[in-house]
Amino acid sequence: MKSESPDAPHLHHLSPPAAMPGGEIDVHGTHLGSHGGALHADLPRATIGDTPAPIALSRATRTTVRIPEGSISGDLVLHRNGGSSNPLFARIAVPMAENLHPVANPAVDSEGRLFATFSGSRNQTVPVSIFSIDRDFQIRPFVRDLLNPTGLAFGPDGLLYVSSRAEGTIYRVSSEGVATLYAEGLGTATGIAFDQEGNLYVGDRSGTIFKIAASSDLLEPEDTPRSIFVFATLEPSMAAYHLAFNGSGTLFVTGPTTSSNQVIHAIAPDGTTSVFYQGLGRAQGMAFDVDDNLYVAASLQGQRGIARITPRGEASLAVSGSNLVGLAFLEDGCAALATRDSLYHVALDIEGRKLA
């Protein structure tokens, strides 16, 4: 219950509005701490629901709260000067699958199932290459014996496509989890994405974006030759290219480098390349919402998490968290967040753009 004390903290808003365990949320308001930076004795206490949350920094109008492990979404309240603040709802991501190794976005099928890789180190053979995660978070082996699976995308035929960065190949996976060769000779094949016409784009991290022309026959034999073109060329990436289309058919590409001032490339349907945004650190997996806002796993102004970039290039942090490599929007405004070894689930009230 809110204290009647005039010196009790009063909260205005949270930034970002969501976080993973280990991430940080800035609480903005009044009477949050001393004007010169709160001394230990003057620090407020924070709770999220019934869970205490440590304070990293507190000033008069801003307090930084670190999200502890085991937290769930709930009302964030600051306690100070014998009083308690008004509550603000904090969205906290919770684990949904562990012991994985994603290196890019997970993929979602038409039934709402999620697919993620155990990619492994270079040339590492693992028992299960791709797992499926049901809506109730039950995890099941789906594909075996693929070497270094990297990018995932569902095609217009409803089947899962996956790149192997070690082999430079694309595989098409049946609904039973059987993988067959779809295309080869694609360099260090990493990120993949389909456009609205069913063409498949493949990022070769050594500097090429390939375009594989859509087939007119979804039931064509597996050994049918593919028409493969060089669509665009970019600077090489130290890790991978990540690809995503917006609603107007522009292809967006990230490729992590050692720079803290990294760009997101925008490639028009005719292959013309431009810089959409510059100023990120280690930008990786991306996804668009229905309003063409771009969400990307990256560091923004030194804060790691999911950055939101509007079509006009205005950037803010949407989710705070470390070790993120990608994301996928789910139904009901939720999202799956991929770290280097796990998937997390968080309610963001964001409707993702339907993929081709």
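The rules behind the values
Residues numbered from 1 in each chain as written. Predicted model: local features only at pLDDT ≥ 70, side-chain atom pairs only at ≥ 80, totals over all residues. Heavy atoms only, no water. Pairing = 2+ DSSP bridges. Helix = DSSP H or I, 4+ residues; strand = E, 2+ residues; numbered from the N terminus. Axes fitted to C-alpha atoms, helices over the stretch in contact; angles between N-to-C directions. Contact = heavy atoms within 4.5 Å. Salt bridge = Lys/Arg side-chain N within 4 Å of Asp/Glu carboxyl O. Buried < 20%, exposed > 50% of the residue type's maximum accessible area, 1.4 Å probe, protein only.

The subject of this paragraph is the sheet that holds strand β16 (residues 149-154). Taken together, the four strands give an open sheet; going across it, the order is β16-β17-β18-β19, and neighbouring strands pair in antiparallel fashion. Where the open sheet ends on each side, the last strands, each with one partner, are β16 and β19 (179-183). Shown here is a sheet whose adjacent strand axes are inclined to one another by a mean of 30°, direction ignored.

By way of backbone hydrogen bonds, the strands of a sheet pair with one another, either parallel or antiparallel. As summarised here, the arrangement of the four strands in space is β1-β3-β7-β6, forming an open sheet in which the pairing is antiparallel. Edge positions in the sheet fall to β1 (10-15) and β6 (55-58), since each of these pairs with one other strand and no more. Strand-to-strand twist of the sheet, defined as the mean angle between neighbouring strand axes without regard to direction, takes the value 20°.

Moving on: the side chain of T208. With respect to the secondary-structure elements, T208 resides in strand β22 (residues 208-212). Contact partners of T208, with chain neighbours within four places excluded, come to V202, G203, V230, A232 and Y241.

On to the pairing of strand β7 (residues 62-66). Relative to β7, strand β3 (residues 24-30) is paired through five bridges, and the arrangement is antiparallel. Among the inter-strand pairings, H28 is bridged to a residue of β7, identified as R62. As paired elements, β6 and β7 share three bridges and run antiparallel to each other. Within β7, the position partnered with L57 by the bridge is T64. Counting the residues that bridge the hairpin from β6 to β7 gives three residues.

Okay, the pattern of salt bridges next. If charged atoms from side chains of opposite charge come close, those side chains can pair. Scanning all chains against the criterion turns up eight salt bridges. Between D26 and R62 there is a salt bridge, with its nearest N and O atoms 3.6 Å apart. With D26 in strand β3 and R62 in strand β7, the pair connects residues that are 36 residues apart, well separated along the chain. On the accessibility criterion, R62 (28% relative accessible area) is partly exposed. Notably, a salt bridge pairs R172 with D157, separated by 3.7 Å at the nearest N-O pair. Taken together, the residues R172 in strand β18 (residues 169-173) and D157 in the loop between β16 and β17 (160-164) connect sequence positions 15 residues apart. By relative accessible area, R172 is classed as buried at 6%. Residue class for D157 comes out partly exposed when judged on its relative accessible area of 22%. Here the salt bridges do not stand alone but share partners, grouping D109, E111 and R113 into one network.

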